[in-house]
Amino acid sequence: MDATMHYSVLGTVRAVRGDNELDPGPPKRLALLSLLVLRAPGPVSLHDAVDVLWDDEPPASAANVIHRHIGALRRLLEPGSHSRTAAGHLARAADGYRLLLDASSSDLIRFRDLRARAQSAAKRGDVSQAAEHFTAALGLWRSPVVADGTQVARHPAFTSVGHEFVATVKEAADVVLTGAPASTEEVLTALRRATGQHPYDEALHSRIIAALAMTGRQAEARAQFESIRRVLADDLGVDPGPELRAARQCFLRPGSSTRTEQAPRAGTPGAPAHLPPEAVPFVGRREVLDRCREFLPPRHVDPVTATTVAVGGMPGVGKTTLAVHLAHAAADHFPDGRIYVDLQGHHPTRAPLTTAQATRAVLDALGVGRGETYYDDTALGTAYRTALAGRRLLLVLDDALDCEQVRPLLAAAAGSGTLVTSRRRLEGLAVTHDAHLITLEPMNHREGVSLLERRLGTDRLQAEQSAAHEVTALCDGLPLALAVAGTRASTRPGISLSTLASELREGLVALSSRDSRIDARSVFQRSYDALSGGAATLFRLLSLYPSSEFTLRGAASLTGTDLRSARQNLAELTDHHLLVETAAERYAGHALLRAYAADVSAHVDTSEVRAQAYGRMLEHYLYSADAATALLTPHRTTVVLPPPRPGVRPQEFSDRTNAADWLAAERRMVSTLVRGLELHPQGVTFRERLKSMLETPAPRG
């Protein structure tokens, strides 16, 4: 292909070779060239060419006329070429012809390529890159009417491409208004050009109003609204629709004159503070609160970006309590208000909120569009972005089901923030929206005791200090369990904390309740029910481990699966915060989750399944220990072991240090297993081998 050729169709049709513009010839030849550029690099069939070039009944010679025009165009575009089969520009297709163009030689293909890049950048949260690509794409349009100047400009083949310009203008405006204000003027120019061709498009006008208000031109924004209101009334006999009314409510409130006055400030009557109350005094969590505060926008400096923080953690660990406490304390950082939405991702009786339901909840809290009917999700999304543009709001999105539920709701205006809580890790938000991920761990022992003291009072706690510490330890730092235990103790003053500790040692029955929101089993079950079959099986069988810690290969041996499947199941359990990865390929589970897993396994797994899993676990440690001691004491006399059963994945060691580290980490575990070898048919042989391992000295140096 001749790299010096370039074709333009976004406005007056042009074909340029180097610095010289070519003359395509008569109108029908120009129209045919327009159609070829429009469809490139795809083909134009003879039937399509006839349909576009003749408005009414085509003459009998239409096909011959098109062939002659094709010949003339080929001579114009490829002078000196005498071979149709070796055409470098205009080639024969199966049922017609095609121009061999790409983004370097066609402004339309370049426009579509830039738009696709912008959309991709917007999806992954790169707002500045998306705005750059969008404005570059819009800059290619000299007119929103494709094939301007030809007699076929109004044919649907060309006007449909004109609609691409309008759609791109709207997409660009949404990106720029929510996160790239530096490109507002370029988008305003494109919006006004688009309204010249589509004067009744309310979505275009609502974005113009938002852009004008965002840049402090409130008078122009009001004039824009009044102008379109009159046009709609005079020409169509209708009132402004929901999007226009939402734009007016958001940006044109009486008395607002600058960007900083678009929304009421905290402490004023109009600033929304839709937060649940802090029911009990907040305890501990100083370290994680300090981390969260690092991401708050500055109070007295104009911020340049929005912030998203996603707090994840196991069921009952106190994510909602933390988020609500932080939102109450951060009022000064978000002068336009704070809004809380329960997304119900793991609600005991209700389905998770849809994006539309959550969007309406925020709009209602802002007093924008209340009672309006939005005819599709696009209009609702536009109203939402318009309402949030320019506001320094904090959105608290509690109990998110997954990333997809949250993404459309994230605040994007500079100085705004979104605080998300979820039982999932939501690492996708870190990839697409640069979210800060924070894992909320169970309380340490001191914090747990303080929480119990808040429930019971200092006098009772000091009177039964030893039992109070035992209750705290049995709850393993889980705030939900501590709150339930503390409430039980406070409502049963005649029962000692020692008795409560004895009940907690019996398992989750001491934390049961008819209220499914605080019943430990019900709370855990909602996470368990979301697991795949393989992950659920692993979760149940892990309760057979004498220790709360285990390795990847230990998990694979327990379930008899290959390492890839075990790794996938472990990743799923850590994603749901039902396990914690403490080191590379080493994991741990919370004591109360293990108790729940044991209860479920007792009801779901047969005794044969559990026995086989326990046997594979024993053999995993036996053969791992054998491999480790063989490296550490290669000349020592050992017991010859039979082959392991299928599915056992012993640990592998690269060197003596690696083997010694494993032995040091697992020595206590193996000591426990020695006492349970009577369950194994090779118990005597295995016990002797394991005892030998326990006596193996650590290597020197």
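Our subject is the structure listed above.
An account of the accompanying structure is given in this report. Note on numbering: residues in each chain are counted from 1, in written sequence order. For a predicted model such as this one, the threshold for reporting local features is a pLDDT of at least 70, and the threshold for listing and counting side-chain atom pairs is 80 or more; totals across whole chains, interfaces and linings nevertheless cover every residue. With hydrogens and water stripped out, all remaining heavy atoms of the structure feed into the side-chain values.

Glycine aside, the phi torsion of most residues is negative, and most peptide linkages are trans. Cis geometry is adopted by the peptide bond preceding proline 41, which originates at alanine 40 and carries an omega value of 5°. Among the secondary structure elements, proline 41 is positioned in the loop between helix 1 (27-39) and strand 4 (44-45). Even without being glycine, aspartate 476 reaches a positive phi, approximately 55°. To qualify as a helix, a DSSP run of H or I must reach at least 4 residues; to qualify as a strand, a run of E must reach at least 2; elements of each kind are numbered from the N terminus. Here aspartate 476 shows up in the loop between helix 19 (465-475) and helix 20 (479-491). Exposure categories follow from relative accessible area, calculated using a 1.4 Å probe and restricted to protein chains: below 20% of the type maximum is buried, above 50% is exposed, and the middle band is partly exposed. Taking relative accessible area as the criterion, aspartate 476 reaches 31% and is therefore assigned partly exposed.

We now examine the pairing of strand 8 (residues 307-312). The element strand 8 is extensively covered by neighbouring structure, given that six of its six residues are classed as buried. Of the two faces of strand 8, both are covered, the one formed by Thr307, Val309 and Val311 as well as the one formed by Thr308, Ala310 and Gly312. Following DSSP output, two strands are said to pair if at least two bridges run between them. As paired strands, strand 8 and strand 11 (residues 417-422) are joined by six bridges and run parallel to one another. In the sheet register, glycine 312 faces strand 11, and the bridge partner there is serine 422. Relative to strand 12 (residues 436-439), strand 8 is paired through four bridges, and the arrangement is parallel. From the neighbouring strand, alanine 310 faces strand 12, where its bridge partner is leucine 437.

To continue, consider the environment of tyrosine 596. In this structure, tyrosine 596 sits in helix 26 (residues 591-604). You can call tyrosine 596 buried: its relative accessible area is 5%. Remark: the alpha-carbon pair of tyrosine 596 and alanine 520, spanning 76 residues in sequence, is separated by 8.5 Å. Note on contacts: a residue pair qualifies if any of its non-hydrogen atoms lie within 4.5 Å across the two residues. For tyrosine 596, the residues in contact, after removing those within four places along its chain, are Leu508, Arg521, Phe524, Gln525, Tyr528 and Phe539.

A separate point is a nonpolar patch on the surface. Taken together, the side chains of Tyr200, Leu236 and Val238 present a nonpolar region at the surface, about 250 Å² in accessible area. Within the secondary structure, tyrosine 200 is located in the loop between helix 7 (184-197) and helix 8 (202-214). By definition, no residue in a patch forms a salt bridge, and every one has over 30% relative accessible area; like charges are joined within 9 Å, nonpolar side chains (Val, Leu, Ile, Met, Phe, Trp, Tyr) within 5 Å. All accessible areas in this document rest on Shrake-Rupley with a 1.4 Å probe, and a residue is counted as covered only by the protein chains that are shown. Any Lys or Arg side-chain nitrogen found within 4 Å of a carboxyl oxygen on Asp or Glu counts as a salt bridge.

Enumeration over the complete set of coordinates arrives at 23 salt bridges. The residue glutamate 171 makes a salt bridge to arginine 115 at a minimum N-O spacing of 3.0 Å. A residue pair is termed long-range when its members are at least 10 positions apart, and glutamate 171 in helix 6 (residues 156-179) and arginine 115 in helix 4 (residues 107-123) qualify at 56 residues. Residue glutamate 171 is classed as partly exposed on the basis of its relative accessible area of 23%. One salt bridge in this structure joins glutamate 585 and arginine 567, with 3.0 Å as the shortest N-O distance. In this pair, glutamate 585 sits in the loop between strand 14 (580-583) and strand 15 (586-588) while arginine 567 sits in helix 25 (residues 563-575), placing the two residues 18 residues apart along the sequence. Classification of glutamate 585 by relative accessible area gives partly exposed; the value is 38%. Three or more residues joined by partner-sharing salt bridges are found here, namely Arg110, Asp113 and Arg117.

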